[in-house]
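Examining the three-dimensional arrangement
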Number of protein chains: 2
Amino acid sequence: MDKVSIHKKYLCGVGVGPGDPKLLTLAAVETIKSADLVLAPTSAQDEPGRAEEIVRKAIGTIPVRRILFDMAKGESGIELRKSTALVAAKEIVTLLQPGERAAFLTIGDPNVFSTFNLLARSVASIDPTVEISSIPGIMAFQDLVSRSGMTLLDEEESLRLLVGLQVDDKIEEALKDSSSAVVIYKGGRNLPAIVELAKRAGRLADGWIGVKIGLEESEVTSLQNIGTGPVGYLSTIIFPPRRL
Amino acid sequence: MDKVSIHKKYLCGVGVGPGDPKLLTLAAVETIKSADLVLAPTSAQDEPGRAEEIVRKAIGTIPVRRILFDMAKGESGIELRKSTALVAAKEIVTLLQPGERAAFLTIGDPNVFSTFNLLARSVASIDPTVEISSIPGIMAFQDLVSRSGMTLLDEEESLRLLVGLQVDDKIEEALKDSSSAVVIYKGGRNLPAIVELAKRAGRLADGWIGVKIGLEESEVTSLQNIGTGPVGYLSTIIFPPRRL
């Protein structure tokens, strides 16, 4: 976002990391502070969303325009999410004046399971001249790895990052690949089934879980300590590769 | 690293990101500035390593103790890397006084293919009382995704991160899984074989490559534009999931 044309509109998806305000990058701070318009998704207009809260803690109170985003989950929610994104995109394109730059705050990384993707596509469909960019952010699993003290990847090991909304063959297959670290996002509700698969693959003892990472009540613990009931949606489960 | 005992020694692996000094986190900057000892790996004592160079650009010149690290690659190099790490670990444990905190700079994330892992294990084997922690950093592939403008993951897509030092069934299998994004690190020398596999899987047109990310001469381009010859070791190749 260095060279700014007075005719163009600019939209930058800014990853603010998983929750710890110190995990914002210098680029994120600079972009937010210099933006003409700071936007943040929220599920209720009178309440700050998580990304806004993180930024507040990091750099104090700044004027934020809250964008209502319906976080309806799963395949059944996709149409609702799309129409929400389109409404938000229209609002942003209208608000933003030529030559102005908007920063859209998003937890984690804007290109990884983020509301920014859908929003950016909607903005592009309404006004293809809007210049869209992004700033990567620390992802929840990186924070969990750091806090668990594990080595995630070394030498020629690999990683599989999966979504645990459904527990299917993919997760089972991934756990069987012992040279791969396995990261499962959004698997909280299916924790009992995931624990069972991990047990069968001989990887339960190595597993870690982060529940509500980034919130005050966040918890990072080994999978064996968490019990077997479902936990919140926003959870991250990690297995390092099996090492001898 | 908030509460410091006057008896303990502290070693923190600090991820400084892929190269852009603005991709350092606030936590990284704070930890480096407040450390009693800043350590950085280098392959030659009279030259700064990449991590040190990034930090210099981000926060100016600071006293850095360079740690000689033999970056011998592959399985044949593991013994050499281990003995190098042990020598470095001894040096660090001796240098560091009780109550002091050392920051070990490392590109990317300290828990993902980093010299920090081996070093930390060596330090722990020499002096298990040293408290070891880490600060996550932006990884090269996140920077490449951002600069290519692609959406890496959305909805229920997944990711496979692999090392391309050998081109084997794993990479072929990963590319066949069309709902998975595929990231290949260290595959520069095997670029022709990887391009061939991508072509067969129908994913060549979507592929991107970042060569020497973080260096002045870095290049981010679509895989079809790079030609078919081998490129440098430090390259990142990315395929987003196939989307209709």
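Residues numbered from 1 in each chain as written. Chains lettered and ligands numbered in written order. Predicted model: local features only at pLDDT ≥ 70, side-chain atom pairs only at ≥ 80, totals over all residues. Heavy atoms only, no water.

Comments concerning the overall build of chain A
- Within chain A one finds seven helices and 10 strands.
- Once the C-alpha set of chain A is aligned to its principal axes, its extents read approximately 60 × 35 × 35 Å.
- Out of the 244 residues in chain A, the part that is buried amounts to 54%.
- Considering only contacts within chain A whose residues lie at least 6 apart along the sequence, 71% involve residues at least 24 apart.
- As displayed, chain A has an accessible area near 10,400 Å², and 51% of this comes from carbon and sulfur atoms.
- Across chain A, 28 positive and 31 negative side-chain charges occur, with their mean positions spaced 2 Å apart. (Helix = DSSP H or I, 4+ residues; strand = E, 2+ residues; numbered from the N terminus. Buried < 20%, exposed > 50% of the residue type's maximum accessible area, 1.4 Å probe, protein only. Contact = heavy atoms within 4.5 Å. Areas by Shrake-Rupley, 256 points an atom, 1.4 Å probe, with all protein chains shown as cover. Lys, Arg positive; Asp, Glu negative; His and termini not counted. Charge placed at Lys NZ, Arg CZ, Asp CG, Glu CD.)

Describing the relation of the copies chain B and chain A
- Here chain B sits on chain A after a turn of 180 degrees about the axis and a move of 0.0 Å along it, with an RMSD of 0.0 Å. Such a combination of turn and shift is consistent with a two-fold rotation axis. By C-alpha distance to the rotation axis, the residue of chain B lying nearest is threonine 25 of chain B, at 2.0 Å.
- The fraction of interface residues of chain B whose copies in chain A are also interface residues reaches 98%, indicating that both copies meet through the same surface. (Least-squares fit on C-alpha atoms with pLDDT ≥ 70 in both.)

Concerning the side chain of threonine 221 of chain B
Residue and element names in this part refer to chain B.
- Within the secondary structure, threonine 221 is located in strand β9 (residues 219-222).
- Residue threonine 221 is classed as buried on the basis of its relative accessible area of 11%.
- Leaving out residues up to four positions away in the same chain, threonine 221 has contacts with Trp208, Ile209 and Ile226.

Considering the environment of lysine 176 of chain A
Residues and elements named next belong to chain A.
- Along the chain, lysine 176 falls in helix α6 (residues 169-176).
- Residue classification places lysine 176 among the exposed positions, given a relative accessible area of 62%.
- Note: C-alpha distance between lysine 176 and serine 218 (42 residues apart in sequence) is 29 Å.

Quick look at the domain arrangement of chain A
Residues and elements named next belong to chain A.
- What the domain assignment reports for chain A is domain 1 (10-135) and domain 2 (140-239).
- On a C-alpha basis, the centres of domain 1 and domain 2 stand 27 Å from each other.
- Contact residues are listed per partner, giving seven residues for domain 1 and 13 residues for domain 2.
- For the pair domain 1 and domain 2, the two sides together bury roughly 910 Å², of which 66% comes from carbon and sulfur.
- In this assembly, domain 1 and domain 2 are joined by zero salt bridges.
- Counting every contact that joins domain 1 to domain 2 gives zero residue pairs in polar contact (both at pLDDT 80 or more).
- Within the side of domain 1 that touches domain 2, the residues separate by chemical class into three nonpolar, one polar and three charged. (Domains from an automatic or database assignment. Buried area = accessible area lost by both parts, 1.4 Å probe. Salt bridge = Lys/Arg side-chain N within 4 Å of Asp/Glu carboxyl O. Polar contact = N/O pair within 3.5 Å; in protein donor to acceptor, adjacent residues only side chain to side chain. Nonpolar A, V, L, I, M, F, W, Y, C, P; charged D, E, K, R; others polar.)

Regarding unusual backbone geometry
Residues and elements named next belong to chain A.
- One non-glycine residue, lysine 186, lies in positive phi territory at about 55 degrees.
- Here lysine 186 is to be found in the loop between β7 (180-185) and α7 (191-200).
- On the basis of relative accessibility, which here comes to 19%, the residue lysine 186 falls in the buried class.

Section: the packing of aromatic side chains
All names here are of chain A.
- Summed over all chains, the structure comprises eight aromatic pairs over all chains.
- When the centroid spacing of 6.0 Å and the interplanar angle of 70 degrees are considered together, the rings of phenylalanine 113 and tyrosine 185 count as edge-to-face. Here the residue phenylalanine 113 occupies a position in the loop between β4 (101-106) and α4 (115-126), and tyrosine 185 occupies one in strand β7, the gap between them amounting to 72 residues. Residues phenylalanine 113 and tyrosine 185 agree in their burial class; the two are buried.
- A connected cluster of aromatic rings, assembled from ring pairs, spans Phe69, Phe104 and Phe116. (Phe/Tyr/Trp six-rings, centres within 6.5 Å; stacked < 30°, edge-to-face > 60°.)

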